[in-house]
Amino acid sequence: MKHSRTNRGIIVTLNGTSLKKGFALGFIGFMLVFLLSGALTSLKPEYRITSKSINELTNNITGNSFIHLLGFENRYFVQDLPEEAKPPSVSSLFFKAATSINPEDPRSLLGRELPGFTLFDSEIVVAGEGTDYTTMPIESPPPTEVLLEEREASIADLEGADDQPDQSKTPPIATTGERKVVYIYHTHTTESYLPMLKNVKNANSAYHSEANVTLVGDRLGKALEDKGIGTNVDKTNFMKKLNEKGWSFTKAYTMSRPTVETAMAGNKEIQYVIDIHRDSQPYKITTADINGKKYAKVAFVIGGKNPLHDKNKQLASELHKRIEAKYPGLSRGVFLKDSPGSNSLYNQDLTENAMLIEFGGIDNNLEELNRTADAVADIFSEYYWQAEKVNAAAPEKK
């Protein structure tokens, strides 16, 4: 009997000890979960785990690599891959996903260390002739005093500003009539070109209230009208409005947005919205020689923060392809910008047919810009009328 009672005491003692340990472990686990949750929620937004951070993590895996990964389980997925497509290195994928560093792109490392280097943190969606990461479009904000200062335009270099596009070609068969289907505006309204300005040599000073990118917009609008495409060119000086409100240059798109929204709300016929800019790259990068004539190159810029950027990329890529087929070397390509150094939205969320086009650089003259505007109108009109035929032939949805 005594022995039996001893065993029961041991069992009761052991059970009590187990309960205490279980309670202690449960309490510790609860506290760890509480502390971890508190740490995660108290982190700065950029360090928290969100759907955006997961998306950025998976962005380091290319489409082909992802299909190869799926193919490890089901070979059906890899059937449509190009024959030259090689299986990804698992260690390389893990390294890129864990560190966000791409060994093939030094910018992924240097961009975190060098001040201002993130301004070049853009993706080349489609590369034109001579395009690489050293020749990408550069948005160079002017000093505040430059925005407030007026400069004298060189009248000699502005000869031809009022010239009309070549009228010798056959008049358009089709026309939009009274409908204005294209809307052109200029967020960085005062962006100018050095050949238009007297006694100005500094690229950071290439800004003017009249001799600026609106001249390009005017020419493009006239060329589109001659192709039968109704166009409205808005020359609102958004830089002047910035100064009046005391806003910084970085708020330019915030300033231009209401104007675009009002235009679209007031004219339901608008199908395409084009924002015209000027690049800050030098002459040799922004100029093309086509059949013995100089043209100012164009570049299509897409905002990565824009939820419609896939549609915008599709349109820009198609126009780039058509430009290169007819005017080889004229397009520098299509670029996706999504970095802290840029707006990365560009009002392109307002419509899937929004475009931001850089026309030339600081050293291009008006003659070169006019040629390019006419060429872009030529290509866009072909695209527009072909798209209209397709839409007209499509069966109506019931």
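Scroll up a little and you will see the structure.
Here the structure is a predicted model, which means the values were calculated and not measured. (Residues numbered from 1 in each chain as written. Predicted model: local features only at pLDDT ≥ 70, side-chain atom pairs only at ≥ 80, totals over all residues. Heavy atoms only, no water.)

*Asks:* Which residues make up the overall build of the chain, and what values do they have?
*Replies:* From N to C terminus, the chain includes twelve helices and nine strands. Burial statistics for the chain: of 398 residues in total, 40% are counted as buried. Counting only contacts in the chain whose residues sit at least 6 apart along the sequence, the fraction spanning at least 24 positions is 76%. Here the chain has roughly 23000 Å² of accessible surface; of this, 57% comes from carbon and sulfur atoms. (Helix = DSSP H or I, 4+ residues; strand = E, 2+ residues; numbered from the N terminus. Buried < 20%, exposed > 50% of the residue type's maximum accessible area, 1.4 Å probe, protein only. Contact = heavy atoms within 4.5 Å. Areas by Shrake-Rupley, 256 points an atom, 1.4 Å probe, with all protein chains shown as cover.)

*Asks:* Just give me the short version of a nonpolar patch on the surface, but keep the residues and values in it.
*Replies:* A grouping of Phe23, Leu25, Phe27, Ile28 and Leu32 is seen on the molecular surface, where their side chains present a nonpolar patch of about 600 Å² in accessible area. Residue classification places Leu25 among the exposed residues on the basis of a relative accessible area of 61%. (Patch = residues over 30% accessible without salt bridge, like charges linked within 9 Å, V, L, I, M, F, W, Y side chains within 5 Å. Salt bridge = Lys/Arg side-chain N within 4 Å of Asp/Glu carboxyl O.)

*Asks:* Can you break down the pairing of strand β4 (residues 272-277) residue by residue, with the values?
*Replies:* Taken across its six residues, β4 has six buried, putting it largely inside the fold. With burial as the criterion, each face of β4 is covered, one bearing Tyr272, Ile274 and Ile276 and the other bearing Val273, Asp275 and His277. In this structure, strand β2 (residues 182-185) lies alongside β4, joined through four bridges in parallel fashion. Counterpart to Ile184 in the pairing with β4 is Ile274. Summarising the sheet, β4 and strand β9 (residues 354-359) pair through five bridges and their orientation is parallel. For Ile274, the partnering residue across the bridge sits in β9 and is Met355. (Pairing = 2+ DSSP bridges.)

*Asks:* I'd like a description of the side chain of Gln348, backed by residues and values.
*Replies:* Assignment of secondary structure puts Gln348 in the loop between β8 (331-337) and β9. At 3.0 Å, the side chain of Gln348 forms a polar contact with the backbone oxygen of Val301. Apart from the residues within four sequence positions on either side, Gln348 is in contact with Val301, Ile302, Gly303, Asn306, Leu308, Asn312, Ala354, Met355 and Leu356. (Polar contact = N/O pair within 3.5 Å; in protein donor to acceptor, adjacent residues only side chain to side chain.)

*Asks:* Talk me through the packing of aromatic side chains; I want residue IDs and the actual numbers.
*Replies:* Any two aromatic rings considered together are summarised by their centre-to-centre distance and by the angle between their planes. All told, the structure shown has nine aromatic pairs when counted by the stated rule. With a centroid separation of 6.0 Å and an interplanar angle of 70°, the aromatic rings of Tyr272 and Tyr384 are classed as edge-to-face. Placement of the pair is Tyr272 in strand β4 and Tyr384 in helix α12 (residues 366-393), with a sequence separation of 112 residues. Each member of the pair Tyr272 and Tyr384 is classed as buried. Here the aromatic cluster, defined as three or more aromatic residues joined through ring pairs, consists of Tyr272, Phe380, Tyr383, Tyr384 and Trp385. The positively charged end of Lys251 is found above the aromatic ring belonging to Trp247, 5.9 Å away from the centroid. The cationic tip of Arg278 hangs over the ring face of Tyr207; the distance from NZ or CZ to the ring centre is 5.3 Å. (Phe/Tyr/Trp six-rings, centres within 6.5 Å; stacked < 30°, edge-to-face > 60°. Lys NZ or Arg CZ within 6 Å of the ring centre and 35° of its normal.)

*Asks:* Go over the side chain of His309 with me, naming the residues and quoting the values.
*Replies:* Mapped onto the fold, His309 is located in helix α11 (residues 309-326). At 3.4 Å, the side chain of His309 forms a polar contact with the side chain of Asp310. In contact with His309, not counting residues within four places along its chain, are Ile302, Gly303, Gly304 and Leu336.

*Asks:* Before we move on, can you summarise unusual backbone geometry with the specific residues and values?
*Replies:* If you check the backbone angles, Asn291 has positive phi at about 55° while not being a glycine. Tracing the chain through its elements places Asn291 in the loop between β5 (287-290) and β6 (293-296). A positive phi angle, close to 60°, is found at Tyr346, a residue other than glycine.

*Asks:* Could you give an account of the sheet that holds strand β3 (residues 231-233), naming the residues involved and the relevant values?
*Replies:* Backbone-to-backbone hydrogen bonds pair the strands of a sheet. The strands run either parallel or antiparallel. What the seven strands build is an open sheet, ordered β1-β8-β7-β9-β4-β2-β3; its pairing is mixed. Looking at strand neighbours, the two that pair on one side only are β1 (122-127) and β3, the edges of this open sheet. Sheet twist, expressed as the average angle between the axes of neighbouring strands with direction ignored, equals 25°. Each of β1, β4, β7 (298-303), β8 and β9 is contacted by α11, which is oriented at about 170° to β7, the strand it contacts most. (Axes fitted to C-alpha atoms, helices over the stretch in contact; angles between N-to-C directions.)

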